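The lines below spell out each chain.
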Amino acid sequence: MIAFIVAFRHPNSTKNYNHVVQLLKATIESLLNQINDDFKVYIGCNEIPEIDVVDSKVRFCPIDCPLPNNRKEVLLDKGVKRAFAIQTANTEIAPEFFFLLDADDLVRNDCVEYLDNLPQIPSHGGYWLERGYLLDMFNRKAQEKYGFNRYCGSSLILSAKVLSKALFLDREYKQPMVAHEEFMNACDPYVLEQVLGDHIAVRGYMITLGYPLKKIVRPLVCWKINTGENESRTKIPFGSKNMDRKFLGAFSIPIEYERNTHISEAIIERYRFVSSWIASKWASYK
């Protein structure tokens, strides 16, 4: 069983709350379109958003996190919300893996099926996604990238047992924690901030625990950029894969975004993909 763990931002942290709710809705719909139903979605949030998606596989976990005012507080806000979602998932379904997912990205519809069919390897900490797509819905463009884990936070699938032990400091609580301060006081601060709140240091951290991550090269996620709410200012330069119905269907993208890209765009997209592969290989040798 896989638990998708999502942190949803404070309502007062955005000028257009309805817009971020719609981004979350698209993320949820991409998950509910999975061809394999061996999963559940847990969303840590300040309050349950008004969203017309009702499904037993989606569980909102509201918690009293204060409005973050700086980068560190943003990471801890995300970390505490994910910690609460993780605690809830452990109580309800005891998943094998936690897939850490951002609240505006899209997941391929065969993602759970693919993960379920991976060979079972004892004593490893999970996986990272080496490939994925940058997706600009506004301009109807997509580019495939190597080194996806360096770009996007929706690229980590971690062992539930290993992560829970590190997060909760191997403690057992008779009563579940329900308040922000409880998690801040009881959880490992590094895991809250750098593992659940960010993604850059996670692969190295899992190695220090003795549970290295394995690489997945199948592109399972689209990282939505240019949404108006991204923390990153990443843009897609000239070049795009063909936005055909097969691609749109795989990531639950509405059909109105279909666009047949010019051959020059497709060639440049492949050139940029190969360039990212070379850059990723070079980085791994450093």
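This is a predicted model, so every value here is computed, not measured.

(A) Layout of the overall build of the chain. Counting secondary structure elements, the chain contains ten helices and eleven strands. For 286 residues, the compact-globule estimate of 2.2 N^0.38 gives 19 Å, and the chain sits close to it at 18 Å. Dimensions of the chain, computed from C-alpha atoms along their principal axes, come out at roughly 60 × 45 × 35 Å. When each of the 286 residues of the chain is scored for burial, the buried share is 54%. Residue pairs at least 24 apart in sequence account for 74% of intrachain contacts in the chain once pairs closer than 6 positions are excluded.

(B) Seen up close, the sheet that holds strand S8 (residues 141-146). Taken in spatial order, the four strands of this open sheet run S5-S11-S7-S8, and their pairing is mixed. This sheet does not close on itself; its edge strands, each paired only once, are strand S5 (106-107) and S8.

(C) A look at the environment of Glu182. Following the sequence through the fold, Glu182 ends up in helix H6 (residues 180-186). With a relative accessible area of 34%, Glu182 lands in the partly exposed category. When the C-alpha atoms of Glu182 and Val53 are compared, they prove to be 30 Å apart, with 129 residues separating the residues in sequence.

(D) View of helix H1 (residues 17-32). Compared with the 22 Å implied by 1.5 Å per residue over 16 residues, the 23 Å span of H1 between its first and last C-alpha is a close match. By the burial criterion, the buried members of H1 are Val20, Val21, Leu23, Leu24, Lys25, Ala26, Thr27, Ile28, Ser30 and Leu31. Structurally, H1 contributes buried residues whose contacts are with strand S1 (2-7), strand S2 (39-45), strand S3 (58-62), strand S4 (97-101), S5 and strand S11 (221-224).

(E) Representation of the nonpolar core. Ranked by size, the top nonpolar core spans 38 residues in total, and within it Phe4, Ile43, Phe99 and Leu115 carry the most contacts. The set of elements that each furnish at least two residues to this core consists of S1, H1, S2, S3, S4, helix H3 (111-116), strand S6 (126-129) and S11. Ranked by residues supplied to this core, first place goes to H1 with five residues. Filtering out sequence-adjacent residues up to four positions away, Phe4 remains in contact with Leu31, Phe39, Lys40, Val41, Tyr42, Phe99, Leu101, Cys111 and Val112.

(F) Spotlight on the packing of helix H2 (residues 71-92) against helix H5 (residues 160-167). In the contact formed by H2 and H5, the axes pass within 11 Å of each other and the chain directions differ by 125°. It follows from the interaxial angle that H2 and H5 lie oblique. Handedness of the H2/H5 crossing: left-handed. Within the contact between the two elements, H2 uses Ala83, Ile86 and Asn90 and H5 uses Leu163, Ser164 and Leu167. Considered class by class, the residues forming the contact of H2 with H5 number four nonpolar, two polar and no charged.

How each quantity is defined
- Residues numbered from 1 in each chain as written.
- Predicted model: local features only at pLDDT ≥ 70, side-chain atom pairs only at ≥ 80, totals over all residues.
- Heavy atoms only, no water.
- Helix = DSSP H or I, 4+ residues; strand = E, 2+ residues; numbered from the N terminus.
- Rg over C-alpha atoms; globule rule 2.2 N^0.38 Å.
- Buried < 20%, exposed > 50% of the residue type's maximum accessible area, 1.4 Å probe, protein only.
- Contact = heavy atoms within 4.5 Å.
- Pairing = 2+ DSSP bridges.
- Expected span 1.5 Å × (residues − 1).
- Core = buried A, V, L, I, M, F, W, Y, C linked by side-chain atoms within 4.5 Å.
- Axes fitted to C-alpha atoms, helices over the stretch in contact; angles between N-to-C directions.
- Parallel < 35°, antiparallel > 145°, perpendicular 65-115°, else oblique.
- Left-handed = near helix turned anticlockwise from the far one by under 90°.
- Nonpolar A, V, L, I, M, F, W, Y, C, P; charged D, E, K, R; others polar.

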